[in-house]
Amino acid sequence: MNKLTDSFYDKFRERLLEIEKIAMNRSWWTFGSLIIEKPASEFEIKAIEEQVGNFLPRQFKDILVNFSRKVEFFYQIEEKVPEEFKNIFAGGISWDLEKIPEMLNNYKGWVEASLDPNYNNVSSIEITNRIYPNKTPLLEVDNGDLIIIDNSGNNQVYYLDHEGGNMHGRRLGESFID
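Calculation rules
Residues numbered from 1 in each chain as written. Predicted model: local features only at pLDDT ≥ 70, side-chain atom pairs only at ≥ 80, totals over all residues. Heavy atoms only, no water. Core = buried A, V, L, I, M, F, W, Y, C linked by side-chain atoms within 4.5 Å. Buried < 20%, exposed > 50% of the residue type's maximum accessible area, 1.4 Å probe, protein only. Helix = DSSP H or I, 4+ residues; strand = E, 2+ residues; numbered from the N terminus. Contact = heavy atoms within 4.5 Å. Salt bridge = Lys/Arg side-chain N within 4 Å of Asp/Glu carboxyl O. Expected span 1.5 Å × (residues − 1). Arc of directions from axis to C-beta. Axes fitted to C-alpha atoms, helices over the stretch in contact; angles between N-to-C directions. Parallel < 35°, antiparallel > 145°, perpendicular 65-115°, else oblique. Left-handed = near helix turned anticlockwise from the far one by under 90°. Nonpolar A, V, L, I, M, F, W, Y, C, P; charged D, E, K, R; others polar. Phe/Tyr/Trp six-rings, centres within 6.5 Å; stacked < 30°, edge-to-face > 60°.

Trainee: So what's going on with the nonpolar core? Which residues, and what values?
Mentor: Phe60, Leu64, Trp95 and Leu97 are the most contacted members of the largest nonpolar core, which totals 27 residues. Counting residues per element, the ones that place at least two in this core are α1 (6-25), α2 (42-52), α3 (58-66), β3 (70-76), α4 (100-114), β6 (146-150) and β7 (157-160). Each residue touching leucine 97, except ones within four places of it in the same chain, is listed here: Ala40, Glu44, Ile45, Ile48, Leu56, Leu64 and Arg69. Among the nonpolar cores identified, the runner-up in size contains 11 residues, and Leu104, Ile127, Ile148 and Tyr158 belong to it.

And the structure:
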């Protein structure tokens, strides 16, 4: 994928600020203010890659270098929502270059536990075996699940359910940007 344009990052920043404003105007409970830190340097990214012995996907590196090393914002909806959204009660966005080594270490333990036949059904183990190689964790979901991105060049993003539920192995997007 080609490097994203400055225009994309400007629109992305505007959209994040708009979501924060909606949350504040509707008095939704937030986990602090929107955080958009300065971009990372190529040197910082290289240091993290050397530390974890793994290369980060190009698209994710582009965002870290050209937009922000850390973005964080979470909210909980505190109002009645239309029926079609009744199961949506919270949302957020988060990544942090500095947390990648810890997340990768947790991911390896998570995968090992997910492959244990004493605690997982055969189909969940098969999904984990198919999905986990060449991936980097991007986000640890509050419930213990993981969102990961493919390192093999296609940048696809997957959801890994620690309980092997119906979201386990589901592709969330064709790329980090999706």
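Trainee: Give me the environment of asparagine 118: which residues, what numbers.
Mentor: Considering the arrangement of structural elements, one finds asparagine 118 in the loop between α4 and α5 (122-131). Owing to a relative accessible area of 66%, asparagine 118 belongs among the exposed residues under this scheme. A sequence separation of 100 residues divides asparagine 118 from glutamate 18, and the C-alpha atoms of the two residues are 46 Å apart.

Trainee: Mind laying out the pattern of salt bridges, listing which residues take part and the relevant values?
Mentor: Under the counting rule described, the total for this entry stands at 11 salt bridges. In this structure, arginine 58 and glutamate 42 form a salt bridge, with 3.9 Å as the shortest nitrogen-oxygen distance. Taken together, the residues arginine 58 in helix α3 and glutamate 42 in helix α2 connect sequence positions 16 residues apart. Residue glutamate 42 is classed as partly exposed on the basis of its relative accessible area, which comes to 44%.

Trainee: Tell me what's going on with α1, and back it up with residues and numbers.
Mentor: The first and last C-alpha atoms of α1 sit 28 Å apart over 20 residues, in line with the 28 Å expected at 1.5 Å per residue. All of the buried residues along α1 are Tyr9, Leu16, Glu20 and Ala23. Along the axis of α1, the buried residues cluster in a sector spanning 60 degrees; they form a single face. For α1, the exposed residues set more than 90 degrees away from the buried face come down to Lys11, Glu14, Lys21 and Asn25. Where α1 is buried, its residues contact β1 (29-30), β2 (35-36), α3, β3 and β4 (90-96). Immediately beyond the C-terminal end of α1, within one or two residues, lies serine 27, with a positive phi of roughly 60 degrees.

Trainee: Describe in detail the packing of α2 against α3, supporting the description with residues and values.
Mentor: Direction vectors running N to C along α2 and α3 enclose 135 degrees, while the axes themselves pass 10 Å from each other. Judged by the angle between their axes, α2 and α3 are oblique. In this structure, the crossing between α2 and α3 has a hand that is right-handed. The segment α2 lies against α3, with Glu42, Ile45 and Glu49 engaging Arg58, Lys61, Leu64 and Val65. Considering only residue class, the contact of α2 with α3 consists of 3 nonpolar, no polar and 4 charged.

Trainee: Could you give me a rundown of the packing of aromatic side chains, with the residues and numbers involved?
Mentor: Tallied over the entire structure, the rule returns 10 aromatic pairs. On the basis of an interplanar angle of 25 degrees and a centroid distance of 5.3 Å, the ring pair of tryptophan 28 and tyrosine 75 is categorised as stacked. Within this pair, whereas tryptophan 28 is found in the loop between α1 and β1, its partner tyrosine 75 is found in strand β3, the two being separated by 47 residues in sequence. By the ring-pair criterion, three or more aromatic residues cluster together here, those being Phe8, Tyr9, Phe12, Phe67 and Trp95.

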